[in-house]
Amino acid sequence: MEIKVINKGRQPLPAYATPLSAGLDLRANIDQSIVLKPMERQLIGTGLYMALPAGYEAQVRPRSGLALKHGITVLNTPGTIDADYRGEVKVLLVNLSNEPFTINEGERIAQLVVAKHEHAEFVVVEQLDDTERGDGGYGHTGVK
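Just so you know, these numbers come straight off a predicted model, no measurement behind them.

A. Structural view of the pairing of strand S3 (residues 24-27). In the sheet, strand S2 (residues 15-16) pairs with S3 via two bridges, with the strands oriented antiparallel. Across the sheet, the residue bridging to Tyr16 is Leu24, located in S3. Where S3 meets strand S11 (residues 108-116), four bridges bridge the pair, whose relative direction is antiparallel. The residue bridging Leu24 from the neighbouring strand is Leu112, located in S11.

Set out below in structure tokens:
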């Protein structure tokens, strides 16, 4: 699949780290380093603008290494980029650790996963079919 993109930043286009990676790495396109204090959040630009094909979305997801090692994650995970959005792709990062974290120019800050989606149509009915689970909600199946 081809995705039309304008790169107004100084970073290379997103790329897959390995041949079987699901996510493309997004990089910070910033003029100066940004220090995220504990519990602070900030919108980080990538310099990228894209036109996704109809029926597709791009999901902005955290990088596991940043989350594990530094407590840095994407706050609205996954962030959704719709096919009709034409603004800059930005990443809402949050620092959930107890230590400040510095984001540097060109640093890989998130992953972008392109996914096909469907449009659903809601149909009002009087009752739903029965299942074994029924209305069992949060914690219904236990932990083991």
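Here the narrative resumes.
B. Geometry of the sheet that holds strand S7 (residues 72-74). In spatial order, the strands read S1-S5-S9-S7; together these four strands make up an open sheet with antiparallel pairing. Each of the sheet's edge strands pairs with one partner strand only, and the pair in question is strand S1 (4-7) and S7. Averaged over all adjacent pairs, the angle separating strand axes in this sheet is 40 degrees, with direction ignored. Summarising the sheet, S7 and strand S9 (residues 88-95) pair through three bridges and their orientation is antiparallel. Counterpart to Thr73 in the pairing with S9 is Val94.

C. Structural detail: the packing of aromatic side chains. Tallied over the entire structure, the rule returns zero aromatic pairs. Above the plane of the ring of Tyr49 lies Lys8, whose end atom (NZ or CZ) is 4.6 Å from the centre.

D. Spotlight on the environment of Thr46. With respect to the helices and strands, Thr46 occurs in strand S5 (residues 41-51). Each C-alpha atom of the pair Thr46 and Arg10 lies 8.9 Å from the other, and the pair is 36 residues apart in sequence. Thr46 has contacts with Leu26, Arg27, Asn29, Glu88, Val89 and Val91, leaving out every residue within four places of it along the chain. Separated by 2.6 Å, the side chain of Thr46 and the backbone oxygen of Val89 make a polar contact.

E. Expanded view of the side chain of Gln59. Structurally, Gln59 can be placed in strand S6 (residues 56-61). In terms of polar contacts, Gln59 uses its side chain to reach the side chain of Arg61, at 2.4 Å. In this structure, Gln59 is in contact with Pro78, Gly79, Gln111, Leu112, Val113 and Ala115, ignoring residues within four places of it in sequence.

F. How the structure looks around the nonpolar core. Within the largest apolar cluster, 25 residues are counted, with the highest numbers of intra-cluster contacts made by Leu93 and Ile103. Taken together, the elements giving at least two residues each to this core come down to S3, strand S4 (34-36), S5, S6, S7, S9, strand S10 (101-103) and S11.

Quick notes on the rules
- Residues numbered from 1 in each chain as written.
- Predicted model: local features only at pLDDT ≥ 70, side-chain atom pairs only at ≥ 80, totals over all residues.
- Heavy atoms only, no water.
- Pairing = 2+ DSSP bridges.
- Helix = DSSP H or I, 4+ residues; strand = E, 2+ residues; numbered from the N terminus.
- Axes fitted to C-alpha atoms, helices over the stretch in contact; angles between N-to-C directions.
- Phe/Tyr/Trp six-rings, centres within 6.5 Å; stacked < 30°, edge-to-face > 60°.
- Lys NZ or Arg CZ within 6 Å of the ring centre and 35° of its normal.
- Contact = heavy atoms within 4.5 Å.
- Polar contact = N/O pair within 3.5 Å; in protein donor to acceptor, adjacent residues only side chain to side chain.
- Core = buried A, V, L, I, M, F, W, Y, C linked by side-chain atoms within 4.5 Å.
- Buried < 20%, exposed > 50% of the residue type's maximum accessible area, 1.4 Å probe, protein only.

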